[in-house]
Protein chains: 2
Amino acid sequence: MSPNSSQDGASEEPKPVSRILIYMAMAAEAAPLVKELDLELREHESFPPGAPWQLHSGSHSGVEVHLVTPGKDKVLGVDNVGTVPASLAVYATAQAVRPDLIINAGTAGGFKAKGASIGDVYLASHFANHDRRIPLPGFEEYGIGLIEAPHAPKLATSLGFKVGRVSSGNSLDMMAADEKLITKNEATVKDMEAAGVAWVASVLGIPLVSVKTITDIVDGDRPTTEEFLENLHTAAVALQHAVPKVVAMVAGKPLVE
Amino acid sequence: MSPNSSQDGASEEPKPVSRILIYMAMAAEAAPLVKELDLELREHESFPPGAPWQLHSGSHSGVEVHLVTPGKDKVLGVDNVGTVPASLAVYATAQAVRPDLIINAGTAGGFKAKGASIGDVYLASHFANHDRRIPLPGFEEYGIGLIEAPHAPKLATSLGFKVGRVSSGNSLDMMAADEKLITKNEATVKDMEAAGVAWVASVLGIPLVSVKTITDIVDGDRPTTEEFLENLHTAAVALQHAVPKVVAMVAGKPLVE
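It should be emphasised that the depicted structure is a prediction, and the values quoted were computed from it without experimental measurement. (Residues numbered from 1 in each chain as written. Chains lettered and ligands numbered in written order. Predicted model: local features only at pLDDT ≥ 70, side-chain atom pairs only at ≥ 80, totals over all residues. Heavy atoms only, no water.)

Asker: Before we move on, can you summarise helix 6 (residues 194-204) of chain A with the specific residues and values?
Answerer: Residue and element names in this part refer to chain A. Counting buried positions along helix 6 yields eleven of eleven residues, so the element is predominantly enclosed. Within the span of helix 6, buried status applies to Ala194, Ala195, Gly196, Val197, Ala198, Trp199, Val200, Ala201, Ser202, Val203 and Leu204. A positive phi of about 70 degrees marks Gly205, the residue just after helix 6. (Buried < 20%, exposed > 50% of the residue type's maximum accessible area, 1.4 Å probe, protein only. Helix = DSSP H or I, 4+ residues; strand = E, 2+ residues; numbered from the N terminus.)

Right, here's the structure in full:
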């Protein structure tokens, strides 16, 4: 469909990056990175009272860095994962801190048939959905909602990341209908947020870079839930190292360089 | 899980309704109601440039009425249906106009096994999701995300609406896994937005009333897409009559009366 830059009303001119918003879905994924970047928990006066999302802010490599997580369900105590809380937290925080760049970092499933292994760090080339099946004219393509990531060729090669398409859905498991669309989306990486974040980023006209570490092999022999829980900590540590490298590399320069 | 009122930081005291925000997913659903309520298209300075949503505002029965639709995909020209655009449009507009009440009105599928017929108008008693399968401890219940509608017993009986649970998912079709969760959610009505809107309403601490007219029988003999397209106009006309009655009934009074 449309790259980020053509969905919005913003300028096509690449701006130097001076304010970065990082979105991570789980507190456990974010904790090592918050520590690494020395970010501090803060309130923001534009957030509605009782809003669940958690904002940590600071500076790194000479740029403002804001990291938001969607917070926890007040009754169940689990992270507010999925596309709706992601979109809302990113929108509210982007309106509050006006970033030049959004980074969606997190854990994800990977397909070994497309070359993914546990521990790999992927930079997303495209975002799409696999749980929005709307078989009406025009709506079918809308449901997929393919969005191209901004062109940043040096980022992956300089940092040694793999590059692949990310397909998002609100379920951790994968039923046959999901698998069919993930295959159609040519995705190497399966997550639960990126396409929602990409849609918000496109509405706001802010470029989105997505860094995903692989916790489980979707087309492997072991159950996703078991592999995910086993590798969550290792993946969070991988993000702790990968994301500051991205921040350092883009700081003060237009993203395309 | 939690009723709207316990998810948020807002007061438990019922407030008289003086500002209403109506959310409808499709321009074709909204057009007759916009005309009926004599609302005018407006810009709002708090919306980001290029934001797709469309706000119509005016007054009816002595209260401010704002109706927002998610707008259309710029490339494909179809309505931005689904939970993410719904949540974002409702959040952005609620922050802009500060409603006392949100009404999510729209077309939906109904289950004849639960008593639904084409043309029925339903008031939602509960909201839940059927496309967020997350088989991890705590997350499974989070994925369902059951939210109870505010208690407003006179509304349905006075207006002759049926009452039922609404289950939401981002697909128009229904896979076996969806059906299993819709059944578990005890839903009479299947739609593509309400649970997302309910989550945003709970974050904002604003009560949500949902009015759904049935365009297709999900457990019937005919294809959903065919019935939906055939009955969309009739359903939009039903909403044109039903929603102003809800507005008139709640105007100036606390919702619980």
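The rest of the description comes next.
Asker: Which residues make up the pairing of strand 9 (residues 162-168) of chain A, and what values do they have?
Answerer: All names here are of chain A. Note: strand 7 (residues 121-129) against strand 9, seven bridges, orientation parallel. Pairing of Ala124 across the sheet is with Gly164, part of strand 9. Where the polypeptide runs from strand 9 across helix 5 (residues 176-184) and back to strand 10 (residues 187-191), its parallel neighbour, the crossover connection is right-handed. (Pairing = 2+ DSSP bridges. Right-handed = clockwise from strand over helix to strand, strands pointing away.)

Asker: Account for the interface of chain A and chain B, with residues named and values stated.
Answerer: In this assembly, 56 residues from chain A lie in contact with 56 residues from chain B. Between chain A and chain B, the buried area comes to about 4700 Å², and carbon and sulfur atoms account for 68% of it. On the surface where chain A and chain B come into contact, there are four salt bridges. With a closest N to O distance of 2.8 Å, Arg133 of chain B and Asp173 of chain A form a salt bridge. In this assembly, chain A and chain B are joined by 14 residue pairs in polar contact (both at pLDDT 80 or more). When residues of the side of chain A that touches chain B are traced back to their parent elements, those giving at least two are helix 2 (83-97), helix 3 (139-144), helix 5, helix 6 and helix 7 (224-250) of chain A. Of all the elements, helix 2 of chain A adds the most residues to the side of chain A that touches chain B, at eight residues. Across the side of chain A that touches chain B, the residue classes tally to 32 nonpolar, 14 polar and ten charged. (Contact = heavy atoms within 4.5 Å. Buried area = accessible area lost by both parts, 1.4 Å probe. Salt bridge = Lys/Arg side-chain N within 4 Å of Asp/Glu carboxyl O. Polar contact = N/O pair within 3.5 Å; in protein donor to acceptor, adjacent residues only side chain to side chain. Nonpolar A, V, L, I, M, F, W, Y, C, P; charged D, E, K, R; others polar.)

Asker: Could you give me a rundown of unusual backbone geometry, with the residues and numbers involved?
Answerer: Residues and elements named next belong to chain B. A positive phi is found at Asp38, a non-glycine position, where the angle reads about 55 degrees. Structurally, Asp38 can be placed in the loop between helix 1 (27-36) and strand 3 (40-42). Asp38 sits in the exposed class, given a relative accessible area of 61%. If you check the backbone angles, Arg98 has positive phi at about 50 degrees while not being a glycine. Within the element layout of this structure, Arg98 appears in the loop between helix 2 (83-97) and strand 6 (101-110). Taking relative accessible area as the criterion, Arg98 reaches 47% and is therefore assigned partly exposed.

Asker: So what about the environment of Leu55 of chain B? Which residues, and what values?
Answerer: Residue and element names in this part refer to chain B. Mapping Leu55 onto the fold places it in strand 4 (residues 54-60). Along the chain, Leu55 and Val246 lie 191 residues apart, while their C-alpha atoms are 20 Å from each other. Leave out the neighbours within four places in its chain, and Leu55 touches Glu40, Leu41, Arg42, His44, Phe47, His66, Leu67, Val68 and Thr93.

Asker: So what's going on with the pairing of strand 7 of chain A? Residues and values would help.
Answerer: Looking down a regular strand, the side chains alternate between one sheet face and the other. Residue and element names in this part refer to chain A. Counting buried positions over the nine residues of strand 7 gives nine, a clear majority of the element. As paired strands, strand 7 and strand 11 (residues 208-217) are joined by three bridges and run antiparallel to one another. Pairing of Val121 across the sheet is with Thr213, part of strand 11. Strand direction decides the pairing type here: strand 7 and strand 8 (residues 147-148), joined by two bridges, are antiparallel. Along strand 8, the bridge assignment pairs Phe127 with Ile147.

Asker: Describe the nonpolar core, listing the residues and the values that go with them.
Answerer: Within soluble globular proteins, side chains that are nonpolar tend to cluster in buried spots. If you look at the biggest cluster of nonpolar residues, it comprises 102 residues, and the most contacted ones within it are Trp53 and Phe127 of chain A together with Trp53 and Phe127 of chain B. Among residues more than four places away in sequence, those in contact with Phe127 of chain B are Gly145, Leu146, Ile147, Ala149, Val166, Ala194, Ala195, Ala198, Leu208 and Ser210 of chain B. (Core = buried A, V, L, I, M, F, W, Y, C linked by side-chain atoms within 4.5 Å.)

Asker: Can you tell me about helix 5 of chain A, naming the residues and giving the values?
Answerer: Residue and element names in this part refer to chain A. Those residues of helix 5 that fall on the buried side of the exposure criterion are Ala177, Asp178, Leu181 and Ile182. The arc enclosing the buried residues of helix 5, seen along the axis, measures out at 135 degrees, which places them on a common side. Turned more than 90 degrees from where helix 5 packs its buried face, Ala176, Lys180, Thr183 and Lys184 sit exposed. Contacts from the buried residues of helix 5 go to helix 3, strand 9 and strand 10. Immediately downstream of helix 5, the backbone of Glu186 shows phi near 55 degrees, a positive value. (Arc of directions from axis to C-beta.)

Asker: So, the relation of the copies chain A and chain B: which residues are in play, and what are the values?
Answerer: Here the second copy of the chain follows from the first by a rotation about an axis and a shift along it. Each copy of the sequence occupies a distinct position, and chain A is placed on chain B by a rotation of 180 degrees and an axial shift of 0.0 Å, giving an RMSD of 0.0 Å. What the superposition gives is, in effect, a two-fold axis relating one chain to the other. Proximity to the rotation axis, assessed at the C-alpha, singles out Val84 of chain A in chain A; its C-alpha lies 2.6 Å from the axis. Taken together, the interface assignments show that 100% of the residues at the interface of chain A recur at the interface of chain B, consistent with an identical surface on both copies. (Least-squares fit on C-alpha atoms with pLDDT ≥ 70 in both.)

Asker: Summarise the side chain of Lys212 of chain B; cite the residues concerned and give the values.
Answerer: Residues and elements named next belong to chain B. Within the element layout of this structure, Lys212 appears in strand 11 (residues 208-217). We classify Lys212 as buried; its relative accessible area is 1%. Within the structure, the side chain of Lys212 is placed 2.6 Å from the side chain of Asp191, a separation counted as a polar contact. Once residues lying within four places of it in the same chain are set aside, the contact partners of Lys212 are Asn104, Gly106, Thr107, Ala108, Asp120, Val121, Tyr122, Val189, Asp191 and Ala194.

Asker: Which residues make up the packing of aromatic side chains, and what values do they have?
Answerer: All told, the structure shown has five aromatic pairs over all chains when counted by the stated rule. Seen from their ring centres, Trp53 of chain A and Tyr91 of chain B are 5.9 Å apart, and the 70 degrees between their planes marks the pair as edge-to-face. One end of the pair, Trp53 of chain A, is in the loop between strand 3 (40-42) and strand 4 (54-60); the other, Tyr91 of chain B, is in helix 2, on a second chain. A residue is classified by how much of its surface remains accessible, and Trp53 of chain A, at 4% relative accessible area, is buried. With a centroid separation of 6.1 Å and an interplanar angle of 85 degrees, the aromatic rings of Tyr91 of chain A and Tyr91 of chain B are classed as edge-to-face. Residue Tyr91 of chain A is located in helix 2, and its partner Tyr91 of chain B is located in helix 2; the two belong to separate chains. Of the two residues, Tyr91 of chain A and Tyr91 of chain B, neither departs from the other in class, the shared state being buried. Joined through ring pairs, the aromatic side chains of Phe47, Trp53 and Tyr91 of chain A together with Phe47, Trp53 and Tyr91 of chain B make up one cluster. Stacked on the ring of Tyr142 of chain A, the Lys or Arg Arg132 of chain A has its end atom at 4.7 Å from the ring centre. (Phe/Tyr/Trp six-rings, centres within 6.5 Å; stacked < 30°, edge-to-face > 60°. Lys NZ or Arg CZ within 6 Å of the ring centre and 35° of its normal.)

The values are spatial; any link to function lies outside them.
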